[in-house]
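# Summary of the model geometry
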Amino acid sequence: MTLASVLTVLADHPVLVLFLVTGVGAAIGRVRLWGMSLGAVAVLFTMIALTAWGVSQGVTIEVPSYVGDFGLVLFAFSIGVIAGPGFVNALRTSYWMLLLVSAIMIVAAALTLGLGTMLDLSPETIAGAYAGSVTSTPALAATGGSPAATVGYASTYIFGVIGAMGAVVLALRHSRTDADAPPRIVDLVIRIDTDSTPTMTDLTRRHGGRVLVSRLRRPDGEVIVVGPDTVLEKGAIINVVGPERVVAAVTDELGHPSTVNITHDRSRLDYRRIILSDSRWSGRTIAQLGVAERFGATIVRVRRGDVEFLGTPDFVLHQGDRLRVVAPRDQLPEVTAFLGDSERGMADLNPVALGLGIAAGMLLGLIEVPLPGGSHLSLGAAAGALIVGLVMGRIGRIGRFVTTIPNAAATALGELGLLIFLAYAGSKAGSQILQAIASGEIVALVGIGLVVTSFAMFGTYLLVRHILHLGGTKLSGVIAGAQTNTAILAFAQERTGHDVRVALGYSLVYPTALVVKILLAQLLTLL
């Protein structure tokens, strides 16, 4: 079989090409050089290389546009669902940071427009160059994913990644002096010495609801689950759970660390990690589950993804959360059945929410807003799906309708959607990249990428650090979020031992930066 016939077979079977390039590209993306890897974007460059090779042999290899649209909206909606629970809180508590990052992205777009106009580039190429400089695949999609835009994206993307990594390295140089380390959730067994006999409600109120007691052993030796009205009497031994500083304060208030570890006594009370897989309880608070009233049980900790939270009564649970439950030994089977405890709960796609959510997002993206001069502006499918995903992820439940998708399932769907779209975008750019190299246009695009990425990333580093005085560890996450790039996030996490502050900084700015970039990229195509 000749090379031309192999390429012809691939051209006749786009689904085969899609999966072949996804597999080969993903494998290439895992190769690490000097501590860096391309990640998912290697799929884009693999497809560009394949289609360019096909063009040189007179064979056109292309992935249908509807396949690219499918991948894009799947990615955007999934990201919205994941970020939704923390997005409103980010708007409320970090709006200055969001405004600052948004302003930097706007100036970066203006800088791209100015340089592109000087170099006589088309609006589509300018928009693609901006999307690549700030490594935003949804922004590329917002331009329509034309070949010209994809060439601009591919030409500027590489330094978009390298420049952001440089800014992360700079930020982490200051991490040793960070004063914003997150509280570590700890357990400590305490013997009560005080005569004040507070109730559990009194203790919780004094410490801002940031402390739990998982079990109590009375002076007579009886071990019980602690409720709101339980009296913390002198001589009792309790297991306190909470942030390290709060637990230390409780110890000073009530007594001293005990040499008797009551958590080792599992004769009456036991504990278990249980997966919340029953969709009836998704979107409910821990208090609304009523496990204390039903079973005499306490949800002490909640693990979502790689982050652990204190199981406070107002904490909103999602399907797929892993719960650390303390309960009477004979009640644990009932608690387990009540919560579900099935691995399938973590992979439940919730097709009702997925289908209706993406459909609503695409309809939102079709709405056109008239602009002066007779043109129109719309969010596009990507931004529409993202916004609906954010809202549904935040709401969690409407009556009996669960609007969220388990974190693990949403993450997998988002990655799949991104890989599909990258393969599609690469198939559109293969022929154009050869023309850009032959004409010398790629040199101009690389130059734009150097300038715009440097401004966007190092501008974010300087302004956020020196105006908002953010610690280096969290700042590295903000830089990754401003660049809306999971490869940069992974780069920062690896260098910090997956410090939770990196993910927090990323999630704070990611949704806002992504929406702003999508709107700006679309606007650039109209100018």
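Reading the values: rules and limits
- Residues numbered from 1 in each chain as written.
- Predicted model: local features only at pLDDT ≥ 70, side-chain atom pairs only at ≥ 80, totals over all residues.
- Heavy atoms only, no water.
- Helix = DSSP H or I, 4+ residues; strand = E, 2+ residues; numbered from the N terminus.
- Rg over C-alpha atoms; globule rule 2.2 N^0.38 Å.
- Buried < 20%, exposed > 50% of the residue type's maximum accessible area, 1.4 Å probe, protein only.
- Contact = heavy atoms within 4.5 Å.
- Areas by Shrake-Rupley, 256 points an atom, 1.4 Å probe, with all protein chains shown as cover.
- Lys, Arg positive; Asp, Glu negative; His and termini not counted.
- Charge placed at Lys NZ, Arg CZ, Asp CG, Glu CD.
- Phe/Tyr/Trp six-rings, centres within 6.5 Å; stacked < 30°, edge-to-face > 60°.
- Lys NZ or Arg CZ within 6 Å of the ring centre and 35° of its normal.
- Axes fitted to C-alpha atoms, helices over the stretch in contact; angles between N-to-C directions.
- Parallel < 35°, antiparallel > 145°, perpendicular 65-115°, else oblique.
- Left-handed = near helix turned anticlockwise from the far one by under 90°.
- Nonpolar A, V, L, I, M, F, W, Y, C, P; charged D, E, K, R; others polar.
- Core = buried A, V, L, I, M, F, W, Y, C linked by side-chain atoms within 4.5 Å.
- Pairing = 2+ DSSP bridges.
- Salt bridge = Lys/Arg side-chain N within 4 Å of Asp/Glu carboxyl O.
- Arc of directions from axis to C-beta.

Another point: the overall build of the protein. The secondary structure content of the protein amounts to 20 helices and 13 strands. Taken over C-alpha atoms, the radius of gyration comes to 26 Å for the protein, in line with the 24 Å a tight globule of 527 residues would show. Counting the 527 residues in the protein, one finds 52% classified as buried. Sequence-distant contacts, at least 24 apart, represent 78% of the contacts inside the protein between residues at least 6 apart. Carbon and sulfur atoms form 62% of the exposed surface of the protein, whose accessible area is close to 22,800 Å². Across the protein, the centroid of the 38 positively charged side chains sits 4 Å from that of the 36 negatively charged ones.

Residues separated by three or four positions in an α-helix point in the same direction, a consequence of the helix having 3.6 residues per turn. Helix H6 (residues 123-133) sits mainly inside the fold: nine of its 11 residues count as buried. The complete set of buried residues in H6 reads Thr-125, Ile-126, Ala-127, Gly-128, Ala-129, Tyr-130, Ala-131, Gly-132 and Ser-133. At the exit of H6 stands Thr-135, carrying a positive phi of roughly 45°.

A few words on the packing of aromatic side chains. Throughout the structure, instances matching the rule amount to five aromatic pairs. One aromatic cluster is present, formed by Trp-281, Phe-295 and Phe-338 through successive ring pairs. Residue placement shows Arg-266 over the ring face of Tyr-271; its charged tip is 4.2 Å from the ring centre.

A few words on the packing of helix H5 (residues 95-118) against helix H17 (residues 441-467). With their axes 10 Å apart at the nearest point, H5 and H17 run at an angle of 160° to one another. When the interaxial angle is binned, H5 and H17 end up roughly antiparallel. The handedness of the crossing between H5 and H17 is right-handed. Where H5 approaches H17, its residues Leu-100, Ile-104, Met-105, Val-107, Ala-108, Leu-111, Thr-112, Leu-115 and Gly-116 are matched on the opposing element by Ile-448, Val-451, Val-452, Phe-455, Ala-456, Met-457, Gly-459, Thr-460, Leu-463 and Val-464. Counted by class, the contact of H5 with H17 contains 15 nonpolar, four polar and no charged residues.

So, on to the packing of helix H2 (residues 14-29) against helix H3 (residues 42-56). It is at 7 Å that the axes of H2 and H3 come closest, and there the two elements cross at 125°. The pairing of H2 with H3 is recorded here as oblique in orientation. Viewed along their axes, H2 and H3 form a crossing whose handedness is right-handed. Between H2 and H3, the residues in contact are Val-17, Val-21, Thr-22, Val-24, Gly-25, Ala-26, Ile-28 and Gly-29 and Ala-42, Val-43, Thr-46, Met-47 and Leu-50, respectively. Considering only residue class, the contact of H2 with H3 consists of nine nonpolar, four polar and no charged.

Before going further, it helps to spend a moment on the nonpolar core. In this structure, Leu-50, Phe-77, Met-105, Tyr-130, Met-457, Leu-475 and Ile-479 are the most contacted members of the largest nonpolar core, which totals 107 residues. Here the element with the most residues in this core is helix H20 (residues 500-524); it accounts for 13 residues. Every residue in contact with Ile-479, bar those within four places of it in the chain, is listed here: Ala-164, Ala-167, Val-168, Ala-171, Met-457, Thr-460 and Tyr-461. By size, the runner-up hydrophobic cluster in this structure holds 19 residues, among which are Trp-281, Ile-286, Ala-297 and Leu-317.

What follows concerns the sheet that holds strand E2 (residues 212-217). Strand order in the open sheet formed by five strands is E3-E2-E4-E1-E5, and the pairing between neighbours is antiparallel. In the strand order of this sheet, the two ends are held by strand E3 (223-224) and strand E5 (255-257), each with one partner. As paired elements, strand E1 (residues 185-192) and strand E4 (residues 237-243) share seven bridges and run antiparallel to each other. Following the sheet pairing, Val-189 is matched in E4 by Asn-239. In this fold helix H10 (residues 244-254) packs onto E1, E4 and E5, with an angle of close to 145° to the strand it touches most, E4.

All right, on to the pattern of salt bridges then. In the structure shown here, the tally under the stated rule is eight salt bridges. The partner of Arg-301 in a salt bridge is Asp-187, and the shortest N-O contact between them spans 2.0 Å. Residue Arg-301 is located in strand E7 (residues 298-304), and its partner Asp-187 is located in strand E1; the two are separated by 114 residues in the primary sequence. With its nearest N and O atoms 3.1 Å apart, the salt bridge here joins Asp-270 to Arg-329. Of the two residues, Asp-270 is situated in strand E6 (residues 269-275) and Arg-329 in the loop between strand E9 (322-328) and helix H13 (332-339); the sequence distance between them amounts to 59 residues. Given the relative accessible area of 45%, Arg-329 is considered partly exposed.

Note on placement: Glu-62 falls in the loop between H3 and helix H4 (65-93). Classification of Glu-62 as partly exposed rests on a relative accessible area of 40%. Distance from Glu-62 to Pro-333, taken between C-alpha atoms, is 54 Å for residues 271 residues apart in sequence. The residues touching Glu-62, leaving out its near neighbours within four places in the chain, are Pro-14, Ser-427 and Lys-428.

Within the secondary structure, Leu-413 sits in helix H16 (residues 407-439). Here Leu-413 is in contact with Leu-74, Ser-78, Leu-349 and Leu-354, once residues within four sequence places are set aside.

Two faces make up the sheet, and in a regular strand the side chains alternate between them. Where E1 meets E5, three bridges bridge the pair, whose relative direction is antiparallel. Bridge assignment links Ile-192 to a residue of E5, and that residue is Gly-255.

The topology assignment puts Thr-298 in strand E7. Sequence-distant contacts of Thr-298, defined by excluding residues within four places in its chain, comprise Val-225, Val-226, Arg-324, Val-325 and Val-326.

Another aspect to go through is H13. For H13, the complete set of buried residues consists of Leu-332, Val-335, Thr-336, Phe-338 and Leu-339. Considered in projection along H13, the buried side chains sweep an arc of 160° and stay on one side of the axis. Packed against the buried residues of H13 are E6, helix H11 (286-289), helix H12 (291-295) and E9. One or two positions beyond H13, positive phi appears at Gly-340, with a value near 110°.

Of all seven residues in E7, six are buried, a share of seventy percent or more. Across five bridges, E7 lies against E9 in antiparallel orientation. Note on E9: the bridge partner recorded for Arg-303 is Arg-322.

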